[in-house]
Amino acid sequence: KKPIIVAIDGPAASGKSTTAKILAGRLGYTYIDTGAMFRSVTLRVIREGLLEALREDESRIAGVLQSITIGFRGDRVILDGEDVSEAIRENQVSREVSFISSLKPVRDKLKELQQEMGRKRGIVMDGRDIGTVIFPDAELKIFLVADPAERAKRRHAELSLKAGGAAVPSLEELEAEIVKRDKDDEERTHAPLRRHPDAVVVDTSKLTIDEQVGFVHDLVMKLVGQ
Ligand code: C5P
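Residues numbered from 1 in each chain as written. Predicted model: local features only at pLDDT ≥ 70, side-chain atom pairs only at ≥ 80, totals over all residues. Heavy atoms only, no water.

Under an unreviewed UniProt entry, the name given to the protein chain is Cytidylate kinase, and the organism recorded is Chlorobaculum limnaeum. UniProt, in the comment section headed Subcellular location (unreviewed entry), describes the protein chain in these words: "Cytoplasm". In the Sequence similarities (unreviewed entry) part of its UniProt record, the protein chain is described as follows: "Belongs to the cytidylate kinase family. Type 1 subfamily." (UniProt positions renumbered as here; feature names shortened; annotations may be inferred.)

Put into structure tokens, the structure is as follows:
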């Protein structure tokens, strides 16, 4: 059986990473979370204190992109040799990642890395532009959507679980953040969030995780044979 590329795109908190991770496990494929890569670049920019300078002069990103290394060890995210899996989920990173992702040099650099990671196929990659820009030749393209209120609820449950009793943002705050990030991602000039015409739309609002993974898994099986 020839390994294929499964490209999963969609707005924030629509179930992409959950679906992609489980699906990759079932297929024996490698899961690649491209959002984690953009978050890693954002974290490094914040740590270098470069954020404000970048808003004035985008060319200041060049030094970061020249020396940065981003990779995965299992499902851990490694930035310049350090495990940043938790750090890249912090609030400030979530707030600034859409700005950093809108920069052309950042997209070009990560595009190169992502295409190299998929060279041998046998991957499930999730993001915003995987089916449209990174692998327009992916055998299966999925576009996941869900109601904003439902997405806020899921994000809230996920954060509450991790916070272990500590305060988490309200449902209203989370929904506002999600809607704002989608708008920024849809309206940017370079590689905006958009559904490829061939992508299969899956609305996960009323599906269980098992159902959404099963649906995509069936599509893969039709393509590669049982
Ligand atoms: O997937 P996640 O929500 O972690 O992605 C964080 C942000 O990274 C997105 O809101 C988007 O701005 C950016 N991103 C992107 N292209 C991708 C994946 C993520 O621009 N392929």
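A. Representation of the nonpolar core in the model. V41, V45, I100, V106 and F135 are the most contacted members of the largest nonpolar core, which has 34 residues in total. No other element matches the 6 residues that helix α2 (residues 34-47) contributes to this core. Other than its neighbours up to four places away in sequence, I100 contacts V41, T42, V45, L51, L54 and V106. Membership of the second largest hydrophobic core comes to 19 residues, among which are V6, A24, V124 and I142. (Core = buried A, V, L, I, M, F, W, Y, C linked by side-chain atoms within 4.5 Å. Buried < 20%, exposed > 50% of the residue type's maximum accessible area, 1.4 Å probe, protein only. Helix = DSSP H or I, 4+ residues; strand = E, 2+ residues; numbered from the N terminus. Contact = heavy atoms within 4.5 Å.)

B. Just the site of the ligand, in detail. Within the structure, the ligand sits among 16 residues, and R39, R107, R181, D185 and R188 are positioned closest to it. T34 is positioned with one of its side-chain polar atoms (N or O) 3.0 Å from a nitrogen atom of the ligand. Interatomic distance of 2.7 Å between a side-chain N/O atom of R39 and an oxygen atom of the ligand. If you list the elements that add at least two residues to the shell around the ligand, you get α2, α5 (91-101) and α9 (171-187). (Near = heavy atom within 4 Å. Polar contact = N/O pair within 3.5 Å; in protein donor to acceptor, adjacent residues only side chain to side chain.)

C. Region of interest: the UniProt feature "binding site: ATP" (unreviewed entry) in the protein chain. The sites that UniProt annotates as "binding site: ATP" (unreviewed entry) are G10, P11, A12, A13, S14, G15, K16, S17 and T18. You can see G10 is positioned in the loop between β1 (5-9) and α1 (16-27). Non-local contacts of G10, meaning those with residues more than four positions away in its chain, are made with K16, G127, R128, F143, L144 and L193. One can find G15 in the loop between β1 and α1.

D. Quick look at the packing of α2 against α5. Following both chains from N to C, one finds α2 and α5 inclined at 105°, their axes separated by 8 Å at the closest point. It follows from the interaxial angle that α2 and α5 lie roughly perpendicular. Residues F38, R39, V41, T42, L43, V45 and I46 of α2 pack against Q92, V93, S94, E96, V97, I100 and S101 of α5. (Axes fitted to C-alpha atoms, helices over the stretch in contact; angles between N-to-C directions. Parallel < 35°, antiparallel > 145°, perpendicular 65-115°, else oblique.)

E. Geometry of the layout of surface pockets. The computed volume of the second largest pocket comes to approximately 170 Å³. Lining the second largest pocket are S94, R95, S98, F99, S102, E177, K180, R181, D184 and R188. Looking at the lining of the second largest pocket, the elements that each hand over two or more residues are α5 and α9. When the residues that make up the lining of the second largest pocket are grouped by side-chain class, the tally is 1 nonpolar, 3 polar and 6 charged. (1 Å grid on protein atoms, 1.4 Å probe; cavity = no way out; pocket = protein on both sides within 12 Å on 5 of 7 lines; lining within 4 Å. Points joined across faces, edges and corners; volume = space filled by probe spheres on them. Nonpolar A, V, L, I, M, F, W, Y, C, P; charged D, E, K, R; others polar.)

F. The arrangement of the sheet that holds strand β3 (residues 70-73) in detail. Here 3 strands make up an open sheet; going across it, the order is β3-β4-β5 and the pairing antiparallel. Each end of this open sheet is capped by a strand with a single partner; those strands are β3 and β5 (82-83). In terms of strand pairing, β3 meets strand β4 (residues 76-79) through 4 bridges, oriented antiparallel. Bridge pairing in β4 places F72 opposite V77. (Pairing = 2+ DSSP bridges.)

G. Region of the structure containing the side chain of R151. Within the secondary structure layout, R151 lies in helix α8 (residues 148-163). Excluding residues that lie within four positions of it along the chain, R151 makes contacts with P11, A12, A13, S14, A146, I178 and D182.

H. Summary view of the environment of Y31. Inspection of the secondary structure puts Y31 in strand β2 (residues 30-33). The class of Y31 is buried, set by a relative accessible area of 14%. A C-alpha to C-alpha distance of 5.8 Å links Y31 and K21, two positions 10 residues apart in sequence. Y31 has contacts with S17, A20, K21, A24, V124 and D126, leaving out every residue within four places of it along the chain. A polar contact of 3.2 Å, which involves the side chain of Y31, links it to the side chain of D126.

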